[in-house]
Amino acid sequence: MEHHVEISDLTYYAPDYDLEGLIRVADNVEAAFVLMEYDDLEGKYCRNRYDVIEPHMNIATIIKGVDRYLAQGEENALFVSFAVDDGKQLIVFDGREQNYKGIDLGDLELGENLIYGLLIRLEDEAYRFEEVLYQDGGLKKQSWAEKVYDAGELTYLLADFIQQFI
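Given the structure is predicted, the values throughout are model-derived calculations rather than measurements.

**Student:** Would you mind going over the packing of helix H1 (residues 19-28) against helix H2 (residues 59-71) with me for this structure?
**Tutor:** Between two packed helices, what matters for the description is the angle formed by their axes and the separation of those axes. Taken N-terminus to C-terminus, the directions of H1 and H2 make an angle of 130°; their axes are 10 Å apart at the nearest point. Comparing the axis directions of H1 and H2 gives the class oblique. Of the two elements, H1 crosses H2, and the hand of that crossing is right-handed. Residues Leu19, Glu20, Ile23, Arg24 and Asp27 of H1 pack against Ile59, Ile62, Ile63, Val66, Asp67 and Leu70 of H2. Here the residues of the contact of H1 with H2 sort into 7 nonpolar, no polar and 4 charged.

**Student:** Help me understand the pairing of strand S4 (residues 76-85), please; the structure alone is not making it clear to me.
**Tutor:** The two faces of a sheet get side chains in turn, since along a regular strand they alternate between them. Counted residue by residue, S4 has 9 buried out of 10 residues, so it is predominantly covered. Examined bridge by bridge, strand S2 (residues 33-39) and S4 share 5 bridges and lie antiparallel to one another. Its bridge partner being in S4, valine 34 is matched across the sheet by phenylalanine 79. As judged from the 5 bridges shared by S4 and strand S6 (residues 114-123), these two strands associate in the antiparallel manner. If you follow leucine 78 over to S6, its bridge partner there is isoleucine 120. Both S4 and strand S5 (residues 90-92) contribute to a ladder of 3 bridges, which runs antiparallel. Paired with valine 84 across the bridge in S5 is isoleucine 91. Following S4, the chain reverses through 4 residues before pairing antiparallel with S5; glycine 87 in that reversal takes a positive phi of roughly 95°.

Rules used throughout
Residues numbered from 1 in each chain as written. Predicted model: local features only at pLDDT ≥ 70, side-chain atom pairs only at ≥ 80, totals over all residues. Heavy atoms only, no water. Axes fitted to C-alpha atoms, helices over the stretch in contact; angles between N-to-C directions. Helix = DSSP H or I, 4+ residues; strand = E, 2+ residues; numbered from the N terminus. Parallel < 35°, antiparallel > 145°, perpendicular 65-115°, else oblique. Left-handed = near helix turned anticlockwise from the far one by under 90°. Contact = heavy atoms within 4.5 Å. Nonpolar A, V, L, I, M, F, W, Y, C, P; charged D, E, K, R; others polar. Buried < 20%, exposed > 50% of the residue type's maximum accessible area, 1.4 Å probe, protein only. Pairing = 2+ DSSP bridges.

The values are spatial; any link to function lies outside them.
This is how it looks when you write it as structure tokens:
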């Protein structure tokens, strides 16, 4: 099945898109949520160290916080993890509980502290999506996300996941 999709082409009018549903499914499969902000000097999205989504927060609090954060400005974004390599296997947070061994990752390299996922922004009353590679800097370094240009079959899995909530 060969078809082409650009995650950045996926834009949905906010009232018509079920962002809450996406967050609930991602939370259910224990995907990570990180509030990000665009850094003009760095030219990339960096983790916001002041507004944080804690693992112990209930889902209603997370949803309310994300809505508030995204509405504050177009430079704000939510990162949602979608795939990691734990050293033994590729784990995809799509809720399907499927084995993705041998999947084509294109030019994407996953590993320690490197997480593939999506960045969600609210711009002109529409949710805009971007596929990114998140570098987790831990407590001592800055964490950031950069656009991914070739994630192979993961791009199609991510596009299917995003489109479930239209």
